[in-house]
Amino acid sequence: MAFITKKDRSKERFSLLLLDLEEHYFEQHTAYNLTARGPEANRRTSGSLKICSKSIIFEPDDAVKPILKILLKDCKGIGAVEERGHNPFTESKPACILIETKQIYLIKEENMVAPYKYERGEKRVTFQLEVPGKTEDIVQILLQLHRASCLDKLGDQTAMVAAILQSRLARTCFDKNSFQHVTENPHMECVAEMVSPLVTNAGHVCITDCNLYFQPMNSYPDSVVQIGLHSVRRIYKRRHGLRPLGLEVFCTENDLCSDIYLKFYSTKERDELYYYIATFLENHIVECTAESYMLQWQRGHISNYQYLLHLNNLADRSVNDLSQYPVFPWVISDYSSTQLDLLNPASFRDLSKPIGALNTERLERLLERYRDMPEPHFMYGSHYSSPGYVLFYLVRVAPEHMLCLQNGRFDQADRMFNSVGETWKNCLEGGTDFKELIPEFYGSDSSFLKNLLGLNLGRRQGGGRVENVELPPWASDPDDFLEKMRLALECQYVSEHLHEWIDLIFGFKQRGSEAVAAHNVFHPFTYEGGVDCDSIEDPDQKIAMLTQILEFGQTPRQLFVTPHPQRITPRFHNLSATPSLSSSELSPMSPSMESFEDLTEESKKMAWSNMNKLALQSCHKIHKEAVTGIAVALSGDSIFSTSQDSTLKMFSKENGLQRSVSFSNMALSSCLMLPDDKIVVCSSWDNNVYFYSIAYGRRQDTLMGHDDAVSHICWRDDKLYTASWDSTVKIWKCVADDISSNKRTQFDLLAEFEHEAGVNTLDLSPAGTLLATGTKEGTLTLWDIASPLPLNQLTCHSGKIHQVAFSPDSRHILSVGEDSCLVVTDVQTGMLIATVHAEQEQRCFCWDGNTVLSGGMSGDLSVWDLLSSKVIHKIPAHSGAVTCMWMNEQCSTIITGGVDKQIILWKPEY
């Protein structure tokens, strides 16, 4: 399993799991256990004596003999036994340590992992150190720790042990002889604890310009842990013990298991180390947010399994912290059929409800208790993830962890993880069982389902021994079970509904009124910020509160505060779309169009994959002021551009001829070509829209429809869409054939959309059913063409929005603004799912949903990978800001215009 390393699985007998929870291992000495019974050869057992904060542990060299553990609180006396020589004139020397105790634990007898045995009654245990001169020092250490263990209050005990630990750490420092290179320069050194499941190990942390080091105080399990900074792939700040003290470092893409987890004694030191590593890695790795992972998941770039792992990581879940272990959902509800039908919705659990709400009858009983409960209210008396639940599933591969958690005992045989079907049934019907699953159920290692270690886990009431986990009839063996579980997690039904479970565990239904409505309310102490342990003055109360919370389980950090968008799946007709989204918006092409569509899509993909290889074809300075709009004839030969110099220019690529026309003395703001290739439409700051006839070489018509400058225009299906600084967007009846035939056109106003600020830009969705608008004040609004009311509205920029555009699949909207941000918004939920901060203001762009080609204030073109939020290539272009951009349908030709009065023609090279 994730946290069980090869070293853990070896035959090394001693481990930190033999210590009590929150106990520290200080030092070890070679010693002999002396007994007065048995043959002479058996009276002296060699081994290692471990000095711990709450116990003494003796590990014999002979693996057949049991490890002895003596709790200091059980000791009645600790002292040195003097060894007298035959010469009465020679001073006696302290040679042995005598411990009088009322109980001894016997662990791993015959080298078998099993429940601890006890020897009760008055016992005298003698140890002789290999180096007798250390005996008196060890006795004094043990007496000091014994005094701590005998204090009346748990808080006083903990404080005294902590003082002893800090004193030991202060007397030592990091040994710089452990540096990998003599030229390394240390940046900082501090004390910390290395965290693994259920245990921590104190020592010294040192970070240099090349490596991160941890040197355990006790040199266990290694004298030093070294991690090269160049190998680091991810770093996460963690809550540990409800406090922001943790830091976890990953050196592989396996996001389930980290390379080191450190707990610091101050947040300041943790943050200093984090920012040093983050600064070092700034040019090496990409920091990914929940929003960027969401975008990758929505578009199918990462699997459901990978996405859940990333969310768990971002929400403070770690395999090194069993109180915050990664949580995964039950997705299958059928554990009785001989065949598993992944096409039948009845085979699946309702992912929109927490486990406790799946059974209506049980939920009614829980709600009745909830309504009658005094403050604080909570619906469920246990959590869906806790250390006990994690080890319930993993006991067959992590038995020592279970023994550590349960004071040397396994759970009762009938309460073990005996059957997948029984466990699911109990989660549905049990009064206190609401647990979810762990990642191992969707992994490839099935050993946690098999008793490969031959553990004696007891007998059930029916007399049968607890062995392998009983699987559903549809699974032929453990490997087949996991394979089908993985298929279920990635199947169509789960992909379409997983966002509902994410809302419950990581999202907006985790807290507040939405959680109440979703029947998703747990004890307040389980939530981040639910209790401030530092404000509790009584040490005993603080420790008791902390222990209760850690054993009960913790709710993940909340990652989303608005509804999580649905995944984009191939069969769009199966999605539960919002009523405002039309079927044409979400449906794939008809079969007759598929082959053509495939060719078109391939050519687009090819062009976008080579967008970083744009080659300049030609450059033309044809205006006297900044270029504001570009339109191109279907043949691609004639290029039309508008400018703040108030002119519409026509340029022929074939012969270089130019034509110019001016409609007024005010700037023109944009232009477009009607589909018949006969009319160019231009918007103007003089509040009008002008229609220019290419064939007649003159203004064909004028639309006077606004009270302020017309900033942007779109045309689709004989409708003209005009945006204006008068805070409106208007839709006009505009029949292309009527205008082209030289008729006097009647522009009928079909709809008007009111805004609270001047509208600077607009865009239509590919199907023409949705409209996105951006204002001077940074507000993005999504409209259904058939309704005067906005579907969604959010302020996503702190200044003017320069451009908005739908993705080709209509799922997202990209916007750029004065605040130098590129913002991706989900169409279905209105949720802002990614914000990319650019080095400079971006004025215009084209995009394919993943890659963006944008023009900035410096005149450069930037190619962005939205999934990593990084610029992957920059292309020098204009000598001033790039103000407009045009791209043909095949994405094979790009034309840009700028404040340098030029238009530049580009082509991707491939």
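Residues numbered from 1 in each chain as written. Predicted model: local features only at pLDDT ≥ 70, side-chain atom pairs only at ≥ 80, totals over all residues. Heavy atoms only, no water.

In the annotation of an unreviewed UniProt entry, the protein chain is listed under the name Neutral sphingomyelinase (N-SMase) activation associated factor and assigned to Cyprinus carpio.

**Student:** Account for the overall build of the protein chain, naming residues and giving values.
**Tutor:** A tally of helices and strands in the protein chain yields 17 helices and 42 strands. Looking at the protein chain as a whole, 56% of its 910 residues are labelled buried. Sequence separation of at least 24 residues holds for 57% of the intrachain contacts in the protein chain that already meet a minimum separation of 6. Measuring between centres, the 87 positive side-chain charges of the protein chain sit 4 Å from its 117 negative side-chain charges. (Helix = DSSP H or I, 4+ residues; strand = E, 2+ residues; numbered from the N terminus. Buried < 20%, exposed > 50% of the residue type's maximum accessible area, 1.4 Å probe, protein only. Contact = heavy atoms within 4.5 Å. Lys, Arg positive; Asp, Glu negative; His and termini not counted. Charge placed at Lys NZ, Arg CZ, Asp CG, Glu CD.)

**Student:** Before we move on, can you summarise the packing of aromatic side chains with the specific residues and values?
**Tutor:** All chains considered together, the criterion is met by 36 aromatic pairs. Centroid distance F441 to F481: 6.5 Å. Interplanar angle 75°. Geometry classified as edge-to-face. Residue F441 is found in the loop between α10 (420-429) and α11 (478-490), and its partner F481 is found in helix α11; the two are separated by 40 residues along the sequence. When its relative accessible area of 1% is taken as the criterion, F441 is described as buried. On the basis of relative accessible area, F481 is assigned to the buried category, the value being 0%. (Phe/Tyr/Trp six-rings, centres within 6.5 Å; stacked < 30°, edge-to-face > 60°.)

**Student:** Help me get a handle on the pairing of strand β38 (residues 861-865), residues and values and all.
**Tutor:** Within β38, 4 of the 5 residues are buried, which leaves it mostly tucked inside the rest of the structure. Pairing between strand β37 (residues 851-856) and β38: 5 bridges, direction antiparallel. Residue pairing in the sheet places T851 in a bridge with D865 of β38. Here β38 hands over to strand β39 (residues 870-875) after 4 residues, with S869 in that stretch at a positive phi of 60°. (Pairing = 2+ DSSP bridges.)

**Student:** Tell me about helix α5 (residues 290-298), and name the residues and values.
**Tutor:** Within α5, 8 of the 9 residues are buried, leaving the element largely enclosed by the surrounding structure. Those residues of α5 lying buried are A290, S292, Y293, M294, L295, Q296, W297 and Q298. Turning to α5, the residues buried within the fold contact β12 (234-240), α6 (304-314), α12 (492-505), β33 (812-817), β34 (821-826) and β35 (832-837). G300 sits one or two positions beyond α5 and adopts a positive phi of about 80°.

**Student:** Account for the nonpolar core, with residues named and values stated.
**Tutor:** Among the nonpolar cores identified, the biggest contains 122 residues, and F441 and F481 are the most heavily contacted of them. At 7 residues, α12 tops the list of elements feeding residues into this core. Excluding residues that lie within four positions of it along the chain, F481 makes contacts with V420, F441, L449, L471, P472, W474 and A475. (Core = buried A, V, L, I, M, F, W, Y, C linked by side-chain atoms within 4.5 Å.)

**Student:** Could you give an account of α6, naming the residues involved and the relevant values?
**Tutor:** Of all 11 residues in α6, 9 are buried, a share of seventy percent or more. Looking at α6, one finds that the buried residues are N304, Y307, L308, L309, H310, L311, N312, N313 and L314. In this structure, the buried residues of α6 make contact with β12, β13 (243-250), α5, α11 and α12.

**Student:** An account of the sheet that holds strand β36 (residues 842-847) is needed here, citing residue identities and associated values.
**Tutor:** Taken together, 4 strands build an open sheet; the order of strands is β36-β37-β38-β39 and the sheet is antiparallel. Two strands bound the open sheet, and with one partner strand each, they are β36 and β39. Sheet twist, expressed as the mean angle between neighbouring strand axes with direction ignored, is 25°. (Axes fitted to C-alpha atoms, helices over the stretch in contact; angles between N-to-C directions.)

**Student:** Please give an account of the pattern of salt bridges that cites residues and values.
**Tutor:** One pass over the structure, following the stated rule, counts 27 salt bridges. Bridged by salt links that share partners, the residues R238, R239, E248, D316, E528 and R557 form one connected network. (Salt bridge = Lys/Arg side-chain N within 4 Å of Asp/Glu carboxyl O.)

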